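# Remarks on the overall topology
One letter stands for each residue in the lines below.
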Number of protein chains: 2
Amino acid sequence: MVSNFRQSEILEFARKEGKVTVDGLAEHYNVTVQTIRRDLSVLAESGRLERVHGGAVVPSGVVNIIYEERRRTNEAGKKAIAVKCAQVIPDGASVFMNIGTSTEAVALELLDHENLLVVTNNLNIAYILSANKTCEIILAGGILRRTDGGIVGGLTVEMVKQFKFDHSVLGCSAIDVDGDLLDFDGQEVMVSRTAIQQSRNVMVVADHIKFKRKAPLTICALGDVDILFTDRALSDELAANCEGFKTLVVTT
Amino acid sequence: MVSNFRQSEILEFARKEGKVTVDGLAEHYNVTVQTIRRDLSVLAESGRLERVHGGAVVPSGVVNIIYEERRRTNEAGKKAIAVKCAQVIPDGASVFMNIGTSTEAVALELLDHENLLVVTNNLNIAYILSANKTCEIILAGGILRRTDGGIVGGLTVEMVKQFKFDHSVLGCSAIDVDGDLLDFDGQEVMVSRTAIQQSRNVMVVADHIKFKRKAPLTICALGDVDILFTDRALSDELAANCEGFKTLVVTT
DNA sequence: AAAAAAACGAACGCAAACGAACATTCGTTC
DNA sequence: GAACGAATGTTCGTTTGCGTTCGTTTTTTT
């Protein structure tokens, strides 16, 4: 139970930013710090925030995926990639996003976009974007994979087929030297392929580690991809291929 | 139960803006603040708004609902109802569960069942049951409603249609004196109806408060229900009806 | 390790918001 | 046209929120 307007907004704030400060909030709401302290006490007592000196943070633990995700994201260069990718997506666009921590990073960067329609088979993305009030979220149905919150299976594919997306933001497990996108999971591959078919603009987000990995299944060739976002320069061979494929490469 | 045009507009307003103020609404509708307070009370009582000093806000979103829900669930006699209902469901069964705190309580009681296949349009249930490793969870796809973690819409219905369930566990917003099951949300009604069609055994979980409430839409008649779980004795009239319907009533 | 600064929580008082009870208006029913 | 019920307005005692003050705890600086 929140007892005033501020508290619900503070919660929202905290979830977006990961933390809030007493002073910052006091200034923002033009009230005394004491009032803010009272608010934070209430929110902390009900377990929705964790009080720290000078402010409050979102509690860690299973309950809050956003915060954990944010931490995981920040430690890598994924955020930089995500920022670039989010810049390409305009307000009001329809977007598909699949399973993967890279795509989740993009979701975090989409929190301030407006009026998006996002279709995803990734439960974490649904959670992250639920903090964005103007965003319509459509979950693809199917079998829930508890290891990563992914939704997979034939039903998922069927559902994705019913849409036509302005953009799709895809992650993958690995990228082969010849440019093929690879993955471990056959069911997820089917979902990704379907999304590619249904999208006007296909974007892949992959940090440099993906270029060193291997995976058994092919999702598609880089030629099917419109923009590849990554954090290091590609090998000469791959760069040349991309030119041939007319695939735009964005390096952070 | 939206008893006047204002209330539905206020809801719309609140969902758009995130909040509404008593003063603002009073001025806008040119009525006294007391009248607005009455409206907000009604909306808050049915859980569609959360009352705060000076106005109301939309209930907190899905992200933290799990945590809050767990607390809310335990406080009522819902647990007792849920225990009874869970006893009826054997290991290995296929089960559909819809939106509602009562069904979530049942989900908690299913954590020790084995090899269930659970289809749900309730994100919280998916999360709760993800702790049960032997349980296969299938999420119905569709539009995510951030206020309660429900998944609704035509796509959801289509997906539910593809299954045939041993049992379905349904909650509702209210139960009419003549035995009709009622709900606020038209889209959710469609999902529930579909689930009933596709189920061999239909079970409804409803605490006694539901018998005092009203809601505008009919899901089905009690005659379509095989077992009704509740925590207090029914009115004589309703009990007699149930006998006529061949609906088994289980009271905790 | 001591001192200074910042943050904290408890207590008090005022003003705003609140809800219960009662009064009024208006449309329906008999 | 009298009786009724639902919706709204009115009044009033009660509760709640917020600023202020002050003594305590925590953090930073010296």
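Placed above this text is the structure.
Reference entry: report on the structure contained in this document. (Residues numbered from 1 in each chain as written. Chains lettered and ligands numbered in written order. Predicted model: local features only at pLDDT ≥ 70, side-chain atom pairs only at ≥ 80, totals over all residues. Heavy atoms only, no water.)

### Remarks on the environment of glutamate 45 of chain A
Residue and element names in this part refer to chain A. Among the secondary structure elements, glutamate 45 is positioned in helix H3 (residues 33-45). We classify glutamate 45 as exposed; its relative accessible area is 73%. Separated by 14 residues in sequence, glutamate 45 and valine 31 have C-alpha atoms that sit 21 Å apart. (Helix = DSSP H or I, 4+ residues; strand = E, 2+ residues; numbered from the N terminus. Buried < 20%, exposed > 50% of the residue type's maximum accessible area, 1.4 Å probe, protein only.)

### Overview of the nonpolar core
The biggest cluster of nonpolar side chains holds 63 residues, and the ones touching the most others in it are Met97, Leu129 and Val169 of chain A together with Met97, Leu129 and Val169 of chain B. At 6 residues, the largest contribution of residues to this core is made by helix H7 (residues 123-129) of chain A. With near-sequence residues (within four places) excluded, valine 169 of chain A lies in contact with Cys85, Ile89, Val95, Phe96, Met97, Asn98, Thr103, Val106, Met203 and Val205 of chain A. (Core = buried A, V, L, I, M, F, W, Y, C linked by side-chain atoms within 4.5 Å. Contact = heavy atoms within 4.5 Å.)

### Structural notes on the packing of aromatic side chains
Residues and elements named next belong to chain A. Scanning all chains against the criterion turns up 5 aromatic pairs over all chains. Centroid distance phenylalanine 163 to phenylalanine 165: 5.7 Å. Interplanar angle 15°. Geometry classified as stacked. Given the relative accessible area of 16%, phenylalanine 163 is considered buried. Judged by its relative accessible area of 1%, phenylalanine 165 falls in the buried class. (Phe/Tyr/Trp six-rings, centres within 6.5 Å; stacked < 30°, edge-to-face > 60°.)

### Description of the protein's contact with DNA strand C
Residues in contact with DNA strand C amount to 19 residues; listed here are only the nearest, Arg37, Arg51 and Gly54 of chain A together with Arg37 and Gly54 of chain B. By atom count, sugar and phosphate contribute 60% of the portion of DNA strand C lying within 4 Å of the protein. A distance of 3.0 Å is found between a phosphate oxygen of DNA strand C and a side-chain nitrogen or oxygen belonging to arginine 51 of chain A. Interatomic distance of 2.5 Å between a backbone N/O atom of glycine 54 of chain B and a phosphate oxygen of DNA strand C. (Near = heavy atom within 4 Å. Polar contact = N/O pair within 3.5 Å; in protein donor to acceptor, adjacent residues only side chain to side chain.)

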